Amino acid sequence: MFRVLDMRITVIGEEHIPTTGGAVLASNHISYLDFIFCGLSARPSKRLVRFMAKQEIFSHGIGGPLMRGMHHIPVDRESGSASYEAAVSALTAGEVVGVFPEATISTSFTVKQIKSGAVRMASAARVPLIPVALWGTQRLWTKGRRRELTKRHVPIMIVVGEPLTFGADDDPAEVTRTLRVRMQQLLDQAQRDYPETPGEDETWWQPAHLGGSAPEPIDFATED
């Protein structure tokens, strides 16, 4: 499908994803398709990524069988302990788990509040925590916009950062704040290096601080 649509996909920093052993990929979230593109970042390392996704997707008539077939991990937001334990078990077994710490799509296209689950999982399983930034995916299908899955020649930027270094005794909330800063830095890089700027009728996909018409971000404290 990517070849047919002639998507211009650029992956930067893929060498930071280990070829063996567990790892947590913590990505920003701007599109319903982010799990596909974040997963692409691990292909050079010949890894498959299991993503944590809300339970409702697994209940969908079409999406459910696909998600279960790909062995992704359902998250019940009312009781997340089972999904957390499943993720830690997968990490301990040497798998790569993908997480969207913002939990929901950011309509401002900046990194909003993030939860500490990614940090706590990486700490519990003693695996690397790797920040990832995606840009361009919002142009295909995002919250509040009509999906354009057949749009051709869309550039997609995937930037993988160096693993965060922290110890078991470090405060998860503090590490989470560091993770958020690093994710935003990677997103800034992706936006800066993106090869296209929106036309007058497409400013919706550009964040406000870059002159776009996306909503201004609302700042929140880090949540558990």
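Residues numbered from 1 in each chain as written. Predicted model: local features only at pLDDT ≥ 70, side-chain atom pairs only at ≥ 80, totals over all residues. Heavy atoms only, no water.

S.K.: Tell me about the pattern of salt bridges, and please be specific about residues and values.
M.R.: The full count for this structure, using the stated rule, is five salt bridges. E196 is the salt-bridge partner of R8, the closest N and O atoms lying 2.4 Å from each other. With R8 in strand 1 (residues 8–12) and E196 in the segment after helix 6 (172–193), this pair connects stretches of sequence that are 188 residues apart. Classification of E196 as partly exposed rests on a relative accessible area of 25%. Via salt bridges that share partners, R8, R139 and E196 belong to a single interconnected network. (Salt bridge = Lys/Arg side-chain N within 4 Å of Asp/Glu carboxyl O. Helix = DSSP H or I, 4+ residues; strand = E, 2+ residues; numbered from the N terminus. Buried < 20%, exposed > 50% of the residue type's maximum accessible area, 1.4 Å probe, protein only.)

S.K.: Pulling in residues and values, what's your account of the nonpolar core?
M.R.: Counting residues in each nonpolar core, the largest one holds 58 residues, and the members touching the most others are V24, L25, F37, L129, W135 and L179. When near neighbours in sequence (up to four residues on either side) are disregarded, L25 contacts I17, C38, S41, V49, V96, V97, G98, V99, I130 and V132. (Core = buried A, V, L, I, M, F, W, Y, C linked by side-chain atoms within 4.5 Å. Contact = heavy atoms within 4.5 Å.)

S.K.: Summarise the sheet that holds strand 3 (residues 49–54); cite the residues concerned and give the values.
M.R.: The strand order 1-7-6-2-5-3-4 describes an open sheet built from seven strands, whose pairing is mixed. Two strands lie at the open edges of the sheet, namely strand 1 and strand 4 (73–75), each paired on one side alone. Here the average twist between neighbouring strands, direction ignored, is 25°. Two elements, strand 2 (residues 23–27) and strand 6 (residues 129–135), share four bridges in a ladder whose sense is parallel. Residue pairing across strands places V24 opposite L129, the latter belonging to strand 6. Against the sheet, helix 4 (residues 81–92) makes contact with strand 2, strand 3, strand 4 and strand 5 (96–99), and its axis sits at roughly 155° relative to strand 4, the strand it touches most. (Pairing = 2+ DSSP bridges. Axes fitted to C-alpha atoms, helices over the stretch in contact; angles between N-to-C directions.)

S.K.: Lay out the packing of helix 5 (residues 117–125) against helix 6 with the relevant residues and their values.
M.R.: Running from N to C, helix 5 and helix 6 point in directions that differ by 115°, and their axes come no closer than 9 Å. In terms of crossing hand, the pair formed by helix 5 and helix 6 is right-handed. Contacts between helix 5 and helix 6 involve A118, V119 and R120 from the former and P172, V175, T176 and L179 from the latter. Here the residues of the contact of helix 5 with helix 6 sort into five nonpolar, one polar and one charged. (Left-handed = near helix turned anticlockwise from the far one by under 90°. Nonpolar A, V, L, I, M, F, W, Y, C, P; charged D, E, K, R; others polar.)

S.K.: Account for helix 5, with residues named and values stated.
M.R.: Buried residues of helix 5: G117, A118, V119, M121, A122 and A125, and no others. Buried-residue contacts for helix 5 involve strand 2, strand 3, helix 4, strand 5, strand 6 and helix 6. Just downstream of helix 5, R126 is the residue with a positive phi angle, here 55°.

S.K.: Account for the side chain of Q138, naming residues and giving values.
M.R.: Structurally, the position occupied by Q138 is in the loop between strand 6 and strand 7 (155–160). Here the side chain of Q138 touches W205 through a polar contact of 3.1 Å, landing on its backbone oxygen. With near-sequence residues (within four places) excluded, Q138 lies in contact with I30, S31, F109, W204 and W205. (Polar contact = N/O pair within 3.5 Å; in protein donor to acceptor, adjacent residues only side chain to side chain.)

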